[in-house]
Amino acid sequence: MKQIAFIGLGNMGGPMAGNLAKAGHRVTGFDLSQASLDAAAKAGVTAAGTLRDAVKDAEVVITMLPKGEHVIAVWRELCGLVPAGTLLIDCSTVDVESARSAHALAEAAGCASLDAPVSGGTGGAAAGTLTFMAGGTEAAFGRARPLLEAMGKRIVHCGGNGAGQAAKICNNMILGISMIAVGEAFALGEKLGLSHQALFDVASTSSGQCWSLTSYCPVPGPVPASPANNGYKPGFAASLMLKDLLLSQEAAAASGASTPLGAAATGLYAAFDKDGNGGRDFSAIIEMLRREGEPD
Ligand SMILES: NC(=O)c1ccc[n+]([C@@H]2O[C@H](COP(=O)([O-])OP(=O)(O)OC[C@H]3O[C@@H](n4cnc5c(N)ncnc54)[C@H](O)[C@@H]3O)[C@@H](O)[C@H]2O)c1
C-alpha cells in the first residue's frame, strides 16, 4: 500500500484516483475545483486544501491536468515540496517538450519521473481499463507499473523521457482523422438512402472497422454507449480533441513529418470549436460535416 498524492481530479483524474483508493492505496487529492474535490472524496480520496497538504508524506505524486503549462507549473511547485526519491507521474496529454521539461525539473530535484498519458476516455477511467503509454527510465517504469495497473489494463513502456506523449499524440491524430472519416461515411450514406444500422453492420465487420465506429459511433443507435445517444455530452470534448491535434501539428512541424490528413482534421476541429462546439463530444463533428454538404 502506497501513500499517493493525486493532483487534478477532473473527468479523468477523479475516477483514476478513486481506483487507486479502491486498490487499497492511501490517496490524498488536490484540485482547484471544490466540486471535483467533493466528487473524489465520495470515491475514497482524502481531499487536501493545498498542493502542499496533498503531497505531504507522499511516496508517489500523480498529475492529471489540462495542458503542458499546468503540468510545468504544478511540477515546479511540487519539486520544491517533496523529498528526493519521490516518484512523479504525469498522466495528462501534453506536448513532448513540456513532458521533457517536467522530467528535467524532477531530475534536478532528485526525483524519479514518468510521462504516462492514457487512452480509453472517461469510461475507461471509471472501469480501470485505460491504456497507459509511458516514457522514462526502466527503473521509474518498474516503480510505477503496479500503480498504473490499478487504473488500466494495458501498460506500454514506449521509450525514454517524452516517448509516452509522442505515442499519445500519434494515437490521437489517428483518432481525430478516423472520427471525421466515419462521420463523412455516415453523412454520405444518409444522402444515398442507407440506414445507419445497415452501414454500421457492414463497416463494423468489414475493412472500414475502427474504434471511432465500433465504440464511439457518431450517429445515435448502433452503439448504445456512444455519446451520440446522449445528446453528444462528453465523453471526450471537442476542445480536447483539437488540443491533441494541434500538438500533432506542432510535433510534425518540429520534426519535419508530413501529416496532410492530420492537418485537415485539425482545420475541421478548429472550425467546429470556433462555432461554439468545444464543450460537446468530439463525435458531434458529424453535424458540421453534414452541413458542409448543404447548399448555402
Ligand atoms: N476526457 C477524456 O476522455 C480524456 C482521455 C484521455 C486523456 N485526457 C487528457 O487528460 C487530461 C485531463 O483531462 P480531463 O478530461 O480530466 O480534464 P478536466 O478539465 O475534467 O480535469 C482537469 C482538472 O484539473 C484541475 N486543475 C487545473 N489546474 C490545476 C492546478 N493548478 N492544481 C490542481 N488542479 C488543477 C481542474 O480544476 C480540473 O478539475 C487532459 O490533458 C486531457 O487531454 C482526457
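Owing to the predicted nature of the structure, the values given are computational and were not obtained by experimental measurement.

1. Examining the pattern of salt bridges
Phase 1: For the structure shown, the criterion picks out six salt bridges.
Phase 2: The partner of K2 in a salt bridge is E59, with the nearest N and O atoms 4.0 Å apart. Of this pair, K2 sits in the segment before β1 (3–7) while E59 sits in the loop between α3 (51–55) and β4 (60–63); the two residues are 57 residues apart in sequence, bridging distant segments of the chain.
Phase 3: Assessed through its relative accessible area of 33%, E59 is described here as partly exposed.
Phase 4: Ionic pairing is found between E287 and R280, a salt bridge with its closest N-O pair at 3.0 Å.
Phase 5: Given the relative accessible area of 25%, E287 is considered partly exposed.
Phase 6: Taking relative accessible area as the criterion, R280 reaches 23% and is therefore assigned partly exposed.

2. Points about the site of the ligand
Phase 1: Near the ligand lie 24 residues; those nearest to it are N11, M12, D31, P66 and K243.
Phase 2: S36 has a polar side-chain atom sitting 3.3 Å from an oxygen atom of the ligand.
Phase 3: Here the ligand has 830 Å² of accessible area as a free molecule, and 85% of this is covered by the chains.
Phase 4: The residue inventory of the shell around the ligand, partitioned by class, reads 11 nonpolar, 10 polar and three charged.

3. Focus: the UniProt feature "domain: 3-hydroxyisobutyrate dehydrogenase-like NAD-binding" (unreviewed entry) in the protein chain
Phase 1: The UniProt feature table records "domain: 3-hydroxyisobutyrate dehydrogenase-like NAD-binding" (unreviewed entry) at residues 162–289.
Phase 2: In residues 162–289, helix accounts for 64% and strand for 0%; the two terminal C-alpha atoms are 34 Å from one another.

4. Some words on unusual backbone geometry
Phase 1: G235 follows P234 through a cis peptide bond whose omega is 15°.
Phase 2: In this structure, G235 sits in the loop between α10 (211–214) and α11 (238–255).
Phase 3: The backbone phi angle of D57 is positive, close to 70°, even though this residue is not glycine.
Phase 4: Relative accessible area serves as the criterion here: at 60%, D57 is assigned to the exposed category.
Phase 5: Backbone geometry places Y232, a non-glycine residue, at a positive phi of 60°.
Phase 6: As for its position among the elements, Y232 is in the loop between α10 and α11.

5. Brief notes about the packing of helix α8 (residues 163–191) against α11
Each packed pair of helices is defined by two parameters, the angle between the axes and the distance between the axes.
Phase 1: The geometry of α8 relative to α11 is characterised by a closest axis approach of 9 Å and an angle of 120° between their N-to-C directions. One element, α8, and the other, α11, form an angle in the oblique class. Seen along the crossing, α8 lies across α11 with a hand that is left-handed. Between α8 and α11, the residues in contact are K168, I169, N172, M173, L175 and G176 and M241, D244, L245, L247, S248 and Q249, respectively.
Phase 2: The residue inventory of the contact of α8 with α11, partitioned by class, reads six nonpolar, four polar and two charged.

6. Quick notes on helix α9 (residues 196–203)
Phase 1: Taken as a whole, α9 has its buried residues at L199, F200 and A203. Projection of α9 onto a plane perpendicular to its axis shows the buried side chains occupying an angular sector of 100°, all on one side.
Phase 2: Buried residues along α9 sit against α8 and α10.

7. Focus on the UniProt feature "domain: 6-phosphogluconate dehydrogenase NADP-binding" (unreviewed entry) in the protein chain
Phase 1: With numbering aligned to this structure, UniProt lists the feature "domain: 6-phosphogluconate dehydrogenase NADP-binding" (unreviewed entry) at residues 3–159.
Phase 2: Counted over residues 3–159, helix gives 43% and strand 25%. Its end C-alpha atoms are 27 Å apart.

8. Some words on the packing of aromatic side chains
Phase 1: Under the criterion given, the structure shown has five aromatic pairs.
Phase 2: Here the aromatic rings of Y269 and F272 are separated by 6.5 Å at their centres, their planes lie at 85°, and the arrangement is edge-to-face. Here Y269 and its partner F272 are both found in helix α12 (residues 260–277), three residues apart, which amounts to about one turn of the helix.
Phase 3: We classify Y269 as buried; its relative accessible area is 0%.
Phase 4: Aromatic rings pair up to connect W211, Y216, F236, Y269, F272 and F282 into one cluster.

Reading guide: rules and limits
Residues numbered from 1 in each chain as written. Predicted model: local features only at pLDDT ≥ 70, side-chain atom pairs only at ≥ 80, totals over all residues. Heavy atoms only, no water. Salt bridge = Lys/Arg side-chain N within 4 Å of Asp/Glu carboxyl O. Helix = DSSP H or I, 4+ residues; strand = E, 2+ residues; numbered from the N terminus. Buried < 20%, exposed > 50% of the residue type's maximum accessible area, 1.4 Å probe, protein only. Near = heavy atom within 4 Å. Polar contact = N/O pair within 3.5 Å; in protein donor to acceptor, adjacent residues only side chain to side chain. Areas by Shrake-Rupley, 256 points an atom, 1.4 Å probe, with all protein chains shown as cover. Nonpolar A, V, L, I, M, F, W, Y, C, P; charged D, E, K, R; others polar. UniProt positions renumbered as here; feature names shortened; annotations may be inferred. Axes fitted to C-alpha atoms, helices over the stretch in contact; angles between N-to-C directions. Parallel < 35°, antiparallel > 145°, perpendicular 65-115°, else oblique. Left-handed = near helix turned anticlockwise from the far one by under 90°. Contact = heavy atoms within 4.5 Å. Arc of directions from axis to C-beta. Phe/Tyr/Trp six-rings, centres within 6.5 Å; stacked < 30°, edge-to-face > 60°.

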